[in-house]
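The lines below spell out each chain.
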Amino acid sequence: MSTEPAQRDLGPAEPAAAFDPVAHAGHASHPPRMGFFTDTSVCIGCKACEVACKEWNAVPEDGIELSGMSYDNTVGLGASTWRHVAFIEQIVRPATPGGGGPGPAAGAPAVGGLSTGGLSTGDPATGDASRWLMSSDVCKHCTHAACLDVCPTGALMRTEFGSVVVQPDVCNGCGYCIPACPFGVIDRRKEDGRAWKCTLCYDRLSGGLEPACAKACPTDSIQFGPLDELRERAAQRVGDLQDAGVAGARLYGADPDDGIGGAGAFFLLLDEPEVYGLPPDPVVTTRDLPRMWRHVATAGAALAAGALVAALGRRAGGQV
Amino acid sequence: MTSHGGDDQAKDVGPADAGRSAQPGWLMRTGGPADAGRREGRGRRRGGQRGEQLMVPRAEFQSYYGRPVLKEPVWKTPDVPGYLFLGGLAGASSAMAASAHLAGNRELSRMAKTAALGAISLSAAALVHDLGRPARFLNMLRVFKVTSPMSVGSWLLAAYGPVAGAAAASAVTGRLPRAGAAATAAAGVLGPAIATYTAALLADTAVPAWHDAHREMPYLFAGSAASAAGGLAMLAVRPAHAGQAVRFAVLGAAVELTAKSLLLRRLGPAAEPYQAGLPGKLMETAEVLTAAGLAGAVLAGRNRAAAAVSGVALLTASALTRFGIFEAGLASARDPKYTVGPQRERLRQRS
C-alpha cells in the first residue's frame, strides 16, 4: 500500500501539539487525518449508508432475516456489515400504576425511561415523549487502535489518512483483532477466514472521493472531512442543540483524551452510548500491556526458579 | 423542550448519572430484548451494603436489545484452550527437564524432554488449525511486535520448538550429548516464557474477564503449568526418580490455587463469569482436583499407583482451569452487562 503523501489539498494539517498517529505510523508527510462525524440527530434511518457501503466495497450479503429489533435487521457491525443503522424505540407510556404493557419495571416512574429531550420526541400537545432514535454506526478508526496493536502479521495498518485498514492479502485469520476491539467492530468472515471491517473507503480517498456512506447520506448525518474541522463543527452543533433544549445531546468519541485517544469516526448521540450498543468508556487494551509483560516476566522467572528449587529439594533433605 | 413529567430529570444528562449505587448493581440483571434502549427506573439508594439484594432492580445498565457490545472471540475449542494447557505443560516440562539434567536425574529429564516435544508439537498443530487461513501461518513471522502477545508468542514458539525437539532427540537417542545439553538449557530458559506469555495473550483483549485478570493470570498460568508438568512426571516416572517432579507439582498447585483465589477476590463481583455456568463448573472441578492432587502428591510417597492417580488429577485440573478461563472470557464478552457495568462504574467514580 502506498505511503506517498497524497497530492490533493484536503485541508489544513493537524496542530503539532496533538499526538499524530499517522506520523507515528511512519508516514513522514501526510494529508490531514480524515474521519467521520455522524450526527445522529438528523439520521432518518434510510440505510442508504449500509447499501452504498455494500455496493462500493462489494461486501457480501450478511443474512436476510427479520430480527424483530425495530427496523434494524443487520443487528450490528460485523465482517460483512461495515455500516450499521441502529433503531431504538423509546416508548413512554402515561403513568398508570399497575398498568400493563412493556413499560419500565414496577415501582419505577413511568417516564423514567426518558430523561433526555430529543428531536424526534412525540407530540408535545398530548405530552407523549416517545421518540425513535436512529444512528449509523461504523468503525471508530481509533487514535490508539487495539486491533492494529495486537495484529501479529502486520495485516492491520494505519494509512496516510489516519484510517485503520486490514490488508486482505496479509491477514491469516488469527482472530486476535476481534476480541481486542473495545467496540466489537471487526469480525472474521466464516466462509473466507479473514478479518474484515470498514476501510474508510481507502480506494475512494486515494482517488479524491469521499467514502460511499457519506456520499449517499441524504441528510448529512454522516459527514466526512479532516478530523480537526469535524471536531469543531461537532462542538458547534452539540452546543446549538443543547441551547435549543435538547439536553440529551452529547458527543461520543470526540475527546482526544479518552481511553482510545479519540476516535477518527465520532458521533453526536441523544442518549447514553450503551443505548446505541456503544461502550460508555472504551479503553485500548494495550494501555495495560507493559504491566502485563512485567507480570509475565516475573511469573516466568518464578517458574524457572521453582524448577531449580524443586531439584535442590532432595539434597537439602527437605520434604516439601 | 418537551415536558417529561419529572422535570429535574430533564437535566440529568451525562455519564455520571446512571446506576448510582455503592455496589455494582449492574450484576443483578441482564438486559434482554425487552429492555432495549430503556431505562428501568432511576431510584437512588445510598448506603446499600455490599452484596445486599434489592427488591427492585435499579437502573443498572442499558443495552441495545441485550446485544453484546464486544464480538465474542472466534478462537475455537479445543484448539485454543487446549493450546493454553499444552503450551504450559511443554514449557514447564522443559524447565523441569533442564533442572533435572543439572541434578543428574536422567530418567526424569528424558521423560520431561519427550513430553515437552510432544506437547509443543500438538500445540503448534492446534494453533495452525485455529487460523482462518492456515496456509498463511508463516505470516506470523512477517513482523515482530511487542504490542502483540501473539507476535511475541509466535517468535518464542519458533525459537522454542526446535530446541525442545533437539533436547528430546538427543536425550532419547543418546547422540550429541553436548548439543543436547545446550538445547536443554535453551529450552529450559524459553520454556517458562512459553508457559506464561499466554496470560498476556488473553489479557491483552477487551474481553472483561480476561483483561481484568491481567495481574494474577501469569502466576496462575505458571502454577498451573508446573502442576501439570509435575503431574505428568508423577504418572510416567517411577517414584524413586520423581521426587523433584512431586516438589515441582506441589509448588505449582499451591501457586495455582493461591493465584486463583487472589484473582477472584480482587475482581469481586466482576469475577462472576468465572463462577457461573459452564466456566464456573470447570473452575470449581479444577480447584477440587488440584487440591486433591496436591494432597495426593504430598501423601503418596513411594506408592506408584497413588502417585499416578495424583498426577492425573493435577493434569486434568490444569487442563480444566485453562478451559474454564477460556470459557469465562467468552461468557463475559457475550453479555453486555460485563462491558457496560464496570465502565459505567468507572465513569461514576471519575466524576
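As the structure is a prediction and not an experimental result, all values here were calculated from the model.

**Student:** It is not clear to me how the overall build of chain A should be interpreted in this structure. Could you clarify?
**Tutor:** From N to C terminus, chain A includes eight helices and ten strands. Of all 320 residues assigned to chain A, the portion counted as buried reaches 54%. Of the contacts formed within chain A by residues at least 6 apart in sequence, a portion of 64% connects residues at least 24 apart.

**Student:** Explain the overall build of chain B to me, please; I cannot follow it from the model alone.
**Tutor:** Helix and strand counts for chain B stand at eleven helices and zero strands. Sequence-ordered secondary structure for chain B, helices as α and strands as β, is α-α-α-α-α-α-α-α-α-α-α. Looking at chain B as a whole, 60% of its 351 residues qualify as buried. Within chain B, contacts between residues at least 6 apart in sequence are counted, and of these 77% link residues at least 24 apart.

**Student:** Sorry if this is basic, but what is going on with helix H2 (residues 48-57) of chain A here?
**Tutor:** All names here are of chain A. Burial runs high along H2: seven of the ten residues are buried. Along H2, the positions that sit buried rather than exposed are Ala48, Cys49, Glu50, Ala52, Cys53, Lys54 and Asn57. Structurally, H2 contributes buried residues whose contacts are with strand E2 (83-90), strand E3 (131-138), helix H6 (212-216) and strand E8 (222-226). After H2 finishes, the residue Ala58 shows a positive phi value of roughly 50 degrees.

**Student:** Please clarify how the pairing of E2(A) should be interpreted in this entry.
**Tutor:** It is a general feature of regular strands that their side chains alternate between the two faces of the sheet. All names here are of chain A. When you tally the buried positions in E2, you get seven out of eight residues, the bulk of the element. Where E2 and E3 come together, eight bridges link them in antiparallel fashion. Bridging across to E3, Phe87 finds its partner in Met134.

**Student:** What am I meant to see in the environment of A:Ser136 here?
**Tutor:** Residue and element names in this part refer to chain A. As for its placement among the helices and strands, Ser136 is situated in strand E3. By the C-beta count within 10 Å, which is 26 here, Ser136 ends up buried. Sequence separation between Ser136 and Cys43 is 93 residues; the distance between their C-alpha atoms is 7.5 Å. Among residues more than four places away in sequence, those in contact with Ser136 are Thr38, Cys43, Cys49, Arg83, Val85, Ser221 and Ile222.

**Student:** Honestly, the confidence of the model for chain A in this entry has me stumped. Any pointers?
**Tutor:** The predicted structure's coordinates, where accompanied by low pLDDT, should not be read in detail. All names here are of chain A. A residue-level look at chain A finds 82% of positions with pLDDT of 70 or above and a mean pLDDT of 87. Under a pLDDT of 50 for its full length, residues 1-16 has, in the predicted model, 26 contacts with residues more than four places off or in other chains. For residues 98-118, every residue scores under 50 in pLDDT, and the model assigns this stretch 63 contacts once sequence neighbours within four places are set aside.

**Student:** What is the right way to look at the environment of A:Glu229 in this model?
**Tutor:** Its place among the elements puts A:Glu229 in helix H7 (residues 227-243). Once the C-alpha coordinates of A:Glu229 and A:Gly35 are considered, the two residues, 194 residues apart in sequence, prove to be 9.7 Å apart.

**Student:** What exactly am I supposed to notice about the domain arrangement of chain A here?
**Tutor:** Size of an interface: often given as the accessible area lost when the parts come together. Residue and element names in this part refer to chain A. Domain boundaries assigned for chain A yield domain 1 (21-283) and domain 2 (284-320). Taken together, the contact pairs ten residues of domain 1 with four residues of domain 2. Here the side of domain 1 that touches domain 2 takes three residues from helix H3 (residues 146-150), the largest share from any one element. Classifying every residue of the side of domain 1 that touches domain 2 by side-chain character gives seven nonpolar, two polar and one charged.

**Student:** Would you take a moment to explain helix H4 (residues 177-203) of chain B for this structure?
**Tutor:** One turn of the α-helix equals 3.6 residues, which is why residues spaced by three or four share an orientation. Residue and element names in this part refer to chain B. In this model, H4 (27 residues) spans 40 Å end to end at C-alpha, consistent with the 39 Å of a helix rising 1.5 Å per residue. Leu190 marks the point of greatest bend in H4, at about 30 degrees, and the proline Pro192 comes within the next four residues. Among the 27 residues of H4, 19 are classified as buried, and the element is accordingly described as predominantly covered.

**Student:** Would you mind showing me how to read the packing of helix H9 (residues 277-300) of chain B against helix H10 (residues 304-334) of chain B here?
**Tutor:** When two helices pack together, their arrangement is given by the angle between their axes and by how far apart the axes lie. Residues and elements named next belong to chain B. Remark: H9 packs on H10, axes separated minimally by 7 Å, with the N-to-C direction vectors making an angle of 155 degrees. Here H9 is positioned roughly antiparallel relative to H10, judged by the angle of their axes. In this structure, the crossing between H9 and H10 has a hand that is left-handed. A breakdown of the residues in the contact of H9 with H10 according to their chemical character gives 19 nonpolar, nine polar and one charged.

**Student:** What's the story with the packing of helix H3 (residues 149-173) of chain B against H4(B) in this structure? I'm lost.
**Tutor:** Residues and elements named next belong to chain B. Look at H3 against H4: their axes get within 7 Å of each other, and the N-to-C directions meet at 150 degrees. By the angle between their axes, H3 is roughly antiparallel relative to H4. As H3 packs across H4, the resulting crossing turns out to be left-handed. Among the residues forming the contact of H3 with H4, the class breakdown is 23 nonpolar, five polar and no charged.

**Student:** Could you clarify how one ought to interpret the sheet that holds strand E9 (residues 250-252) of chain A in this entry?
**Tutor:** Strand pairing in a sheet is mediated by backbone hydrogen bonds. Such pairs are either parallel or antiparallel. All names here are of chain A. With mixed pairing, the four strands of this open sheet are ordered in space as E8-E1-E10-E9. Whereas interior strands pair on both sides, the edge strands pair on one side only; in this sheet they are E8 and E9. For this sheet, the mean inter-axis angle between neighbouring strands, taken without regard to orientation, is 20 degrees. With four bridges connecting them, strand E1 (residues 34-39) and strand E10 (residues 265-269) associate as parallel partners. Pairing of Asp39 across the sheet is with Leu268, part of E10.

**Student:** Would you mind going over the environment of A:Val150 with me for this structure?
**Tutor:** Topologically, A:Val150 is positioned in helix H3. Under the C-beta neighbour-count criterion, A:Val150 is labelled buried, with 28 such atoms within 10 Å. It is 8.0 Å that separates the C-alpha atoms of A:Val150 and A:Thr286, two residues lying 136 residues apart in sequence. Setting aside anything within four residues of it in sequence, one finds A:Val150 in contact with A:Tyr176, A:Cys177, A:Ala180, A:Thr286, B:Thr147, B:Ser148, B:Met150 and B:Asp204.

What counts, and at which threshold
- Residues numbered from 1 in each chain as written.
- Chains lettered and ligands numbered in written order.
- Predicted model: local features only at pLDDT ≥ 70, side-chain atom pairs only at ≥ 80, totals over all residues.
- Helix = DSSP H or I, 4+ residues; strand = E, 2+ residues; numbered from the N terminus.
- Buried ≥ 20, exposed ≤ 12 C-beta atoms within 10 Å, placed from the backbone.
- Contact = placed C-beta atoms within 7 Å.
- Pairing = 2+ DSSP bridges.
- pLDDT = per-residue confidence, 0-100.
- Domains from an automatic or database assignment.
- Nonpolar A, V, L, I, M, F, W, Y, C, P; charged D, E, K, R; others polar.
- Expected span 1.5 Å × (residues − 1).
- Bend = angle between axes of the 7 residues up to and from the residue.
- Axes fitted to C-alpha atoms, helices over the stretch in contact; angles between N-to-C directions.
- Parallel < 35°, antiparallel > 145°, perpendicular 65-115°, else oblique.
- Left-handed = near helix turned anticlockwise from the far one by under 90°.

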